[in-house]
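# Structural description and commentary
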Amino acid sequence: MKRNTVQRQIILDTLKALDTHPTAEDLHKEIQKKYPSIGIATVYRNLRQLTESGLVLQIATLDGVARYDGCADPHYHFHCKTCGGAFDLELNLIDGIEEAVESKYGFQVDSHEVTFTGTCTKCI
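Rules of the game
- Within any chain, residue numbers begin from 1 and follow the written order of that chain's sequence.
- Residue-level local features of this predicted model are given only where pLDDT is at least 70; pairs of side-chain atoms are given and counted only at 80 or more, and the full residue set underlies all totals for whole chains, interfaces and linings.
- The basis for every side-chain value is the complete set of heavy atoms in the structure, and neither hydrogens nor water enter the calculation.
- Classification of residues uses two cut-offs on accessible area relative to the type maximum, computed with a 1.4 Å probe and protein chains only: under 20% is buried, over 50% is exposed, and between them is partly exposed.
- Numbering of helices and strands runs from the N terminus, with a helix taken as a DSSP run of H or I at least four residues long and a strand as a DSSP run of E at least two residues long.
- What the arc describes is the spread of directions from the helix axis to the C-beta atoms.
- Throughout, a residue-residue contact means that at least one pair of heavy atoms, one from each residue, lies within 4.5 Å.
- The salt bridge definition used is simple: a Lys or Arg side-chain nitrogen within 4 Å of an Asp or Glu carboxyl oxygen.
- Should DSSP find at least two bridges between two strands, the strands are taken to pair.
- Between the N-to-C directions of two axes lies an angle of 0 to 180 degrees, each axis being a line fitted to C-alpha atoms and, for a helix, fitted only over the stretch in contact.
- The patch calculation keeps residues exceeding 30% relative accessible area without a salt bridge and links them within 9 Å when they carry like charges or within 5 Å when they are nonpolar (Val, Leu, Ile, Met, Phe, Trp, Tyr).
- All accessible-area figures derive from a Shrake-Rupley calculation using a 1.4 Å probe, and residue coverage is judged against the displayed protein chains alone.
- Charge counting treats Lys and Arg as positive and Asp and Glu as negative, with His and both chain ends excluded.
- One atom stands in for each charge, and that atom is NZ of Lys, CZ of Arg, CG of Asp or CD of Glu.

Listing the buried residues of helix α2 (residues 24–32) in full gives Ala-24, Leu-27, His-28 and Ile-31. Taken around the axis of α2, the buried residues stretch over an arc of 100 degrees, which confines them to a single face. At its buried positions, α2 is contacted by α1 (6–17), α3 (40–52) and β2 (67–69).

So, on to the pattern of salt bridges. Counted according to the given criterion, the structure contains 2 salt bridges. Note that Glu-30 is salt-bridged to Lys-33, the shortest N-O span being 3.0 Å. Linking Glu-52 and Arg-48 is a salt bridge whose minimum nitrogen-to-oxygen distance equals 4.0 Å. Placement of the pair is Glu-52 and Arg-48 together in helix α3, with a separation of 4 residues, close to one helical turn. Among the residues examined, Glu-52 registers a relative accessible area of 61% and is labelled exposed.

Turning next to the sheet that holds strand β4 (residues 86–89). Across the sheet, which stays open at both edges, the 3 strands sit in the order β4-β3-β5 with mixed pairing between neighbours. Each end of this open sheet is capped by a strand with a single partner; those strands are β4 and β5 (115–118). On average, each strand axis in the sheet is tilted by 25 degrees relative to the strand beside it, whichever way the strands run. Pairing of strand β3 (residues 76–80) with β5 involves 4 bridges; the strand directions are parallel. Directly across from His-77, in β5, lies its bridge partner Thr-115.

What follows is about a negative patch on the surface. On the surface, a cluster of negative charge is made up of Asp-95, Glu-99, Glu-102 and Asp-110. Take Asp-110: it is sitting in the loop between α4 (97–105) and β5.

Rendered as structure tokens:
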């Protein structure tokens, strides 16, 4: 990754402080509260770089809108079909799943992502 700039650190710190898995636009709105000089293009550019470097996760959602997670440690997510929310799941990771895929199919797995979908407790 390129050198860590003040803006990149602000974006990363703000994202890590949120547990909502915001879109880039939502993250920008949050950043604007303290740092109005940081523009949306800066947020998009830095999110791309942070994602490419593995410091941030980009979460695929059913509606196709990218959401971001400041916790890059391997974990699973739940996506609500009703409100669109994305939530972290505190579950044990499936041991050996990547090795099983490599063994059975001959692929080289770099990582995997599991997202459960349904309706969250707020929307039931």
